[in-house]
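Observations on the model geometry
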Amino acid sequence: MSLLQSAVSTPSTVRSSPSLSCAAAHPVVASYSVSSTSNSFLLRSSSLKTGTSVSTSKNNKRRGAVGKVKSSLETAGATVGQVTEVTKDTFWPIVNAAEDKTVVLDMYTQWCGPCKVIAPKYKELSEKYLDVVFLKLDCNQENKPLAKELGIRVVPTFKILKHNKIVKEVTGAKFDDLVAAIETVRSIYWERWDCEPEISA
């Protein structure tokens with residue numbers, strides 16, 4: 001009696017990371033007016049309500065294959081223990097893949113002095129809090145839709161999310177305030193939102 005053997009191959013996922021243009025060549029947002037302060041730069045823009053797009057992924061296992069299966073977070077393109085650069089296309093899929101993990105987003109620009117000063121400290125936080133997902137978004141012309149959606153007015157701005165909801169916000173390069181906000185959100189388990197959370201600085 002002959003045996004039929006079938007090979008099951010796992011489709012590969014190709015991710016493209018659109019390069020972010022330098023702010024010198026493409027101004028951050030044409031409709032923004034800019035004024036500087038000691039710890040931040042002020043941007044004028046309209047604030048839109050945050051929305052989410054649902055992204056689902058299934059791990060197809062090759063029959064008989066031995067190896068480590070990537071988590072949904074890794075599949076989405078983020079790695080715990082480091083800062084992941086996101087774009088308007090990759091941000092929400094990563095946030096959804098983070099599930100119940102706390103997510104921190106650093107919204108910055110290439111020309112912002114305070115943004116450059118706090119960047120190394122932000123990287124250190126990503127290496128310290130391994131239960132938190134650290135992201136950064138260059139608020140250039142290409143990422144203008146997401147910047148407007150999240151309601152950015154000042155750079156740097158740090159948005160802290162839990163279960164796909166923005167629950168804390170820190171404006172300016174205020175490291176101690178950022179650490180305190182992260183600690184607060186980490187200490188609370190948000191089982192369910194029955195209403196929109198109140199964002200506090």
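Let me sum up the structure you'll find in this document. (Residues numbered from 1 in each chain as written. Predicted model: local features only at pLDDT ≥ 70, side-chain atom pairs only at ≥ 80, totals over all residues. Heavy atoms only, no water.)

**Quick look at the nonpolar core**
Judged by nonpolar contacts, the single largest core of 27 residues is most densely connected at Phe91, Ile94, Leu105, Met107, Val133, Leu135 and Leu150. Elements represented by at least two residues in this core include exactly α1 (72-76), α2 (91-98), β4 (102-108), β5 (132-138) and α4 (144-149). Residues Phe158, Leu178, Ala181 and Ile182 belong to the second largest nonpolar core, which totals 16 residues. (Core = buried A, V, L, I, M, F, W, Y, C linked by side-chain atoms within 4.5 Å. Buried < 20%, exposed > 50% of the residue type's maximum accessible area, 1.4 Å probe, protein only. Helix = DSSP H or I, 4+ residues; strand = E, 2+ residues; numbered from the N terminus.)

**Description of the side chain of Ser126**
Secondary-structure assignment places Ser126 in helix α3 (residues 113-128). Of the residues examined, Ser126 reaches a relative accessible area of 0% and is grouped as buried. Of note is the side chain of Ser126, whose polar atom sits 2.5 Å from the backbone oxygen of Lys123. If we ignore the near neighbours within four places in the chain, the residues touching Ser126 are Gly81, Gln82, Val83 and Phe134. (Polar contact = N/O pair within 3.5 Å; in protein donor to acceptor, adjacent residues only side chain to side chain. Contact = heavy atoms within 4.5 Å.)

**Observations concerning the environment of Arg186**
When you line up the elements, Arg186 lands in helix α5 (residues 175-186). Separated by 24 residues in sequence, Arg186 and Lys162 have C-alpha atoms that sit 9.0 Å apart.

**What to know about the state of the cysteines**
Within the structure shown, the criterion is met by one disulfide. Note on cysteine connectivity: Cys112 is disulfide-linked to Cys115, with sulfurs 2.4 Å apart. Across the disulfide from Cys112 to Cys115, rotation about the S-S bond amounts to roughly 85°, and the bridge is consequently right-handed. Cysteine Cys139 is unpaired, with the sulfur of Cys115 as its nearest cysteine sulfur at 8.2 Å. Residue Cys139 is classed as buried on the basis of its relative accessible area, which comes to 1%. (Disulfide = S-S within 2.5 Å.)

**Overview of α3**
For α3, spanning 16 residues, the distance from its first C-alpha to its last is 24 Å, which sits close to the expected 22 Å at 1.5 Å a residue. Taken together, the buried positions of α3 are occupied by Pro114, Cys115, Ile118, Tyr122, Leu125 and Ser126. (Expected span 1.5 Å × (residues − 1).)

**A look at α2**
Of all eight residues in α2, seven are buried, a share of seventy percent or more. Of all the residues in α2, the buried ones are Phe91, Trp92, Ile94, Val95, Asn96, Ala97 and Ala98. Against α1, β3 (83-86), β4, β5, α4 and β7 (157-162) lie the buried residues of α2.

**Regarding the packing of α3 against α5**
At a minimum axis separation of 11 Å, α3 and α5 run at an interaxial angle of 25°. Compared by their axis directions, α3 and α5 come out roughly parallel. Handedness of the crossing formed by α3 with α5: right-handed. Contacts from Ile118, Lys121, Tyr122 and Leu125 in α3 reach Phe175, Leu178, Val179 and Ile182 in α5. Of the residues in the contact of α3 with α5, the class split is seven nonpolar, no polar and one charged. (Axes fitted to C-alpha atoms, helices over the stretch in contact; angles between N-to-C directions. Parallel < 35°, antiparallel > 145°, perpendicular 65-115°, else oblique. Left-handed = near helix turned anticlockwise from the far one by under 90°. Nonpolar A, V, L, I, M, F, W, Y, C, P; charged D, E, K, R; others polar.)

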